Amino acid sequence: MSIALILNSGRAEEWKAEIAKHLPEIKIEVYPEIENYEEVEFALCWKPEANYYTYFPNLKVIQSGGAGIDHLFPSDVPSHLHICRIIDPMLKSDMFEHVLTCLMHAMKNFSVYAADKIQEHWHPLLYKSIGQTSVTILGMGEIGGYVAEKLVHLGFTVKGWSNSPKNIQGVNSFAGTEELHSALEDTDFVVNILPLTTVTKGILNHNLFSLCRKGAILINVGRGEHLVEPDLLKGIADGQIAQAYLDVFHQEPLPKNHPFWHCPSIFITPHVASRTNIRSSAEQVVDNYIRMTQGRALLNEVSLAKGY
Ligand code: NDP
Ligand code: OXD
């Protein structure tokens, strides 16, 4: 039995060293340097190539190296394989810090002052305080629910939207397509932390923007394919969306000549909102490997039917 690491993240050696600390007697190989494909029962993957799961005839468990599993081609994976993902406190707290940074950057006009500095222009603006600011979070799962809770503690007005209603103190919960309108109306910021599924693909589009207050600000930390890019550019041109903070893109790295690079109202971070902390996440990966060998229930398994 062996573990294959199929990681297009440049972090394979780091993962290998951390897993080996817990499983010193197990063979851990970095794809494509696999001695015997038949020995592999467990694969830790990040953005593998299509059909990767067909290379290993005895594969049982596909473990995502992150929270999302959209990069694993879940709709193609045969149903006898199990897909698991990372749920880790560091993923949640780092995401909260990233979202808070975007919120405060916008509320306190820092991008305007950066431009003013180049012009040596002294021009005080009105700013928003936390108590005057409302945020809607799309996706109230492990990460979105945590971010919502922390923002409420800071004094933001928070609404959350998910498939099923949530009961988080201070958060106004909305569920399902029929309540999307209520979740979005009269909110200053829309933060997308949904998983990418066949249902959520393209959800950040013209229709959704038109449900928002004019001048709302979008923060997308979910996936690039949630966003219909031309609709955002049009929304910004029309003033419906005032600014967008984007961490994820259809194509990563964002291509050199992409219009987002040149739009002053779009702020770009290179998919760094919350990176998997390998040290704090390795234990659950190791635990899942052991559970698989013992035929026990796996941790953080996703539903192939739901796609998340
Ligand atoms: P979870 O699976 O825990 O939560 C998903 C949430 O989305 C749930 O609340 C779920 O509702 C809701 N949801 C799913 N589909 C729909 C739908 N069609 N309509 C309404 N709500 C829906 O995921 P995590 O919180 O762990 O992670 C979310 C995503 O964040 C990841 O999939 C990944 O794409 C992204 N991410 C991005 C990172 C970055 O650095 N940019 C880092 C980490 C994650 P319900 O609760 O009712 O099931
Ligand atoms: C994740 C990510 O899904 O980093 O964990 O995007």
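Residues numbered from 1 in each chain as written. Chains lettered and ligands numbered in written order. Predicted model: local features only at pLDDT ≥ 70, side-chain atom pairs only at ≥ 80, totals over all residues. Heavy atoms only, no water.

Colleague: Any details on the sheet that holds strand S8 (residues 171-175)? Residues and values, ideally.
Modeller: As summarised here, the arrangement of the 7 strands in space is S8-S7-S6-S9-S10-S11-S12, forming an open sheet in which the pairing is parallel. Since the sheet does not close on itself, it has two edges, and those belong to S8 and strand S12 (266-268), each with one partner. In this sheet, adjacent strand axes meet at a mean angle of 15° when their direction is disregarded. This element, helix H7 (residues 229-238), spans strand S10 (216-220), strand S11 (241-246) and S12 of the sheet and lies at about 140° to S11. (Pairing = 2+ DSSP bridges. Helix = DSSP H or I, 4+ residues; strand = E, 2+ residues; numbered from the N terminus. Axes fitted to C-alpha atoms, helices over the stretch in contact; angles between N-to-C directions. Contact = heavy atoms within 4.5 Å.)

Colleague: Would you mind going over the domain arrangement of the chain in detail, with residue names and values included?
Modeller: Here the chain is partitioned into domain 1 (2-88 + 276-294) and domain 2 (90-268). Taken over C-alpha atoms, the centre of domain 1 sits 32 Å from the centre of domain 2. With 12 residues of domain 1 in contact, the opposing surface of domain 2 contributes 8 residues. Both sides together, the interface formed by domain 1 and domain 2 hides about 820 Å², and carbon and sulfur atoms give 56% of it. The tally of links from domain 1 across to domain 2 stands at 2 salt bridges. Two residues, Arg 223 and Asp 70, come together in a salt bridge whose shortest N-O distance is 3.0 Å. The tally of links from domain 1 across to domain 2 stands at 5 residue pairs in polar contact (both at pLDDT 80 or more). Split by residue class, the side of domain 1 that touches domain 2 holds 4 nonpolar, 4 polar and 4 charged. (Domains from an automatic or database assignment. Buried area = accessible area lost by both parts, 1.4 Å probe. Salt bridge = Lys/Arg side-chain N within 4 Å of Asp/Glu carboxyl O. Polar contact = N/O pair within 3.5 Å; in protein donor to acceptor, adjacent residues only side chain to side chain. Nonpolar A, V, L, I, M, F, W, Y, C, P; charged D, E, K, R; others polar.)

Colleague: So what about the site of ligand 1? Which residues, and what values?
Modeller: In the neighbourhood of ligand 1, 29 residues make up the surrounding shell, with Arg 85, Ile 143, Ser 164, Lys 166 and Tyr 308 lying closest. Contact distances for ligand 1 include 2.7 Å between an oxygen atom and a side-chain N or O atom of Arg 85. Here an oxygen atom of ligand 1 and a backbone polar atom of Ile 143 are 2.9 Å apart. In the complex, the protein chains occlude 92% of the 940 Å² of accessible area that ligand 1 would expose alone. Secondary structure elements with two or more residues in the shell around ligand 1: helix H4 (142-154) and strand S7 (157-162). (Near = heavy atom within 4 Å. Areas by Shrake-Rupley, 256 points an atom, 1.4 Å probe, with all protein chains shown as cover.)

Colleague: Outline H4, listing residues and values.
Modeller: Its 13 residues give H4 an end-to-end C-alpha distance of 19 Å, which sits within 8% of 18 Å, the value for a rise of 1.5 Å per residue. Buried residues of H4: Ile 143, Gly 144, Gly 145, Val 147, Ala 148, Leu 151 and Val 152, and no others. Of the residues trailing H4, Gly 155 is marked for its positive phi of about 110°. (Expected span 1.5 Å × (residues − 1). Buried < 20%, exposed > 50% of the residue type's maximum accessible area, 1.4 Å probe, protein only.)

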